[in-house]
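Working through the structure, step by step
What follows is each chain in one-letter form.
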Amino acid sequence: MNAASGTSQRILSGMRPTGRLHLGHYHGVLKNWVELQHRHECFFFVADWHALTTEYDNSQIIANNVHEMVVDWLACGINPGSARMFIQSKVPEHAELHLLLSMITPLSWLERVPTYKDQQEKLKEKDLATYGFLGYPLLQSADILIYRATGVPVGEDQVVHVELTREVARRFNHIYGTEPGFEEKAEAAARKMGKKAGKLYQKLRTAYQEQGDTEALETARALLEDQQNLTLADRERLFGYLEGGGRIILPEPQALLTPASKMPGLDGNKMSKSYGNTISLRDEPEAVEKKLRTMPTDTNRVRRTDPGDPKRCPVWQLHEVYTNEEVRGWVQEGCTSAGIGCLDCKQPVVDAVLAELAPIRERALEYERNPGEVRSIIAEGNEAARTQARETLAEVRRAIGLEYS
Ligand code: TRP
Ligand code: SF4
């Protein structure tokens, strides 16, 4: 079933370990992950190889941030009992799948991905005319496909990478999913589901193929997901047979667009490390308070007696994230009439940010004191991820015919 219908999915997402996480990550990504982990099977990973595509000459920063990134995740409430957390390079199967996918991926598909040129423009000081950087989105495809993830929570900028992943999966299935006697094998597989389920499958398949009933397609997919006694190969056949093609070895994932984060930085721009306008998740409370107290306000309010306009003020944007209507009414009135000072106005924001960060910081400190615990959470995640990755890779090798003994 699809994302909207609420059925459990397999979720995968990753983050590049290039620095400490800040409130922008929390509001933009991590709150969403925390939410997803309760409803779905989740895999979250530290994309250290992806970081290396741009930080190859500065690889120390990756090493310094891998462990810390997981600490930040844990501090934000990602729960190792609900979600797997792991490190990309500890699951080398990603690399093998990346290599195999590279054989069937037209160069033009990669050259066309907008982030390729955009990032080269943006990071002009770096030489990104590398083989690895061109392959960045394909490595991401391998990350996703190796877990046969159905949902990939990403921001707007990453949607094109999920689209590419879908195209690559389709091409892979098209090239390697055909087999002699496919139809007979699929029919036999349907019978293995048992009488009732098999009949329902056939009915839904007909409804989809003859009337284009997409709801029937979704229902049939869910039915297949629920079958316990099918082999992986039979399941792939039945997924493929539904839509008329060959086996579906690598299912096409969907991007789960993360609701656009409105998290503004201290200067009113989007919060981002490159703008130097961040509040880190582990900043000390005193530092947080100081950053907020010294952040700019409406430049027309030079003196306390000058009226201001919240629309021209970055503090107002923080009110929109952190305070209620009543407080915001007080700001509107007090600012435009010079009835309140800017420090008065900032206080409710200071209080709310500190309250939000307090439990995060506390948990982070706890994990900082127990690095062994973090390491074992990661080790378990690596193992669980590898188990899944190996399974997919075995299927992929078999489909290509790379099975010689
Ligand atoms: N490219 C992603 C980013 O910059 C990180 C990433 C790597 C990723 N592999 C992934 C995200 C797989 C989702 C799925 O944010
Ligand atoms: Fe900004 Fe508040 Fe000062 Fe108005 S009173 S300028 S909204 S900080």
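Since this is a predicted model, take the numbers as computed values, not measurements. Sequence order as written defines the numbering, with residues in each chain counted from 1. Lettering for chains starts from A, numbering for ligands starts from 1, and both go in the order in which the items are written. In keeping with the predicted nature of the model, local features appear solely for residues at pLDDT of at least 70, side-chain atom pairs appear and are counted solely at 80 or more, and the whole-chain, interface and lining totals rest on all residues. As a rule here, side-chain values come from all non-hydrogen atoms in the structure, and water together with hydrogens is ignored.

A few points about the site of ligand 2
Whether a residue is near a molecule or strand depends on its heavy atoms: it is near if one of them lies within 4 Å of it. The environment of ligand 2 is made up of Thr297, Asp298, Arg301, Pro310, Cys313, Val315, Val331, Cys335, Cys342 and Cys345. The helix and strand labels rest on DSSP assignments: H or I over at least four residues marks a helix, E over at least two residues marks a strand, and numbering proceeds from the N terminus. Elements with a minimum of two residues in the shell around ligand 2: helix 16 (325–336) and helix 17 (342–369). Throughout this entry, Asp, Glu, Lys and Arg are counted as charged residues, while Ala, Val, Leu, Ile, Met, Phe, Trp, Tyr, Cys and Pro are counted as nonpolar. The remaining residues, Gly among them, count as polar. Across the shell around ligand 2, the residue classes break down as seven nonpolar, one polar and two charged.

Examining the pattern of salt bridges
Note on definitions: salt bridges are taken to be side-chain nitrogens of Lys or Arg within 4 Å of carboxyl oxygens of Asp or Glu. A full pass over the atoms with the stated rule returns 29 salt bridges. Across the pair Arg386 and Glu93 runs a salt bridge whose closest N-O atoms are separated by 3.1 Å. Placement of the pair is Arg386 in helix 18 (residues 371–400) and Glu93 in helix 4 (residues 93–104), with a sequence separation of 293 residues. For Arg148, the salt bridge goes to Glu236, with nearest N and O atoms at 2.9 Å. In this pair, Arg148 is assigned in the loop between helix 8 (136–145) and strand 4 (151–154) and Glu236 in helix 13 (residues 232–243), connecting sequence segments 88 residues apart. With relative accessibility at 16%, the residue Arg148 sits in the buried group. Linked by salt bridges that have partners in common, Arg148, Glu179, Lys185, Lys192, Asp234, Glu236, Arg237, Arg247, Glu395, Arg398 and Glu403 make up one network. Relative accessibility under 20% of the residue-type maximum defines a buried residue, over 50% an exposed one, and the middle range a partly exposed one, all with a 1.4 Å probe and only protein chains included.

Topic: the confidence of the model for the chain
Residue-level confidence of the predictor, termed pLDDT, takes values from 0 up to 100. Residue-level pLDDT values for the chain average 94, and 99% of them are 70 or greater. Confidence drops under a pLDDT of 50 for residues 1–5, and excluding neighbours within four residues, the segment shows 10 contacts in the predicted structure. Throughout, a residue-residue contact means that at least one pair of heavy atoms, one from each residue, lies within 4.5 Å.

Focus: helix 4
Compared with the 16 Å implied by 1.5 Å per residue over 12 residues, the 18 Å span of helix 4 between its first and last C-alpha is a close match. All buried positions along helix 4 are accounted for by Glu93, His94, Leu97, Leu100, Leu101 and Ile104. Mapping the buried residues of helix 4 onto a view down its axis gives an arc of 130°, with all of them on the same face. Expected helix span is computed as 1.5 Å times (number of residues minus one). The directions considered for the arc run from the helix axis to the C-beta atoms.

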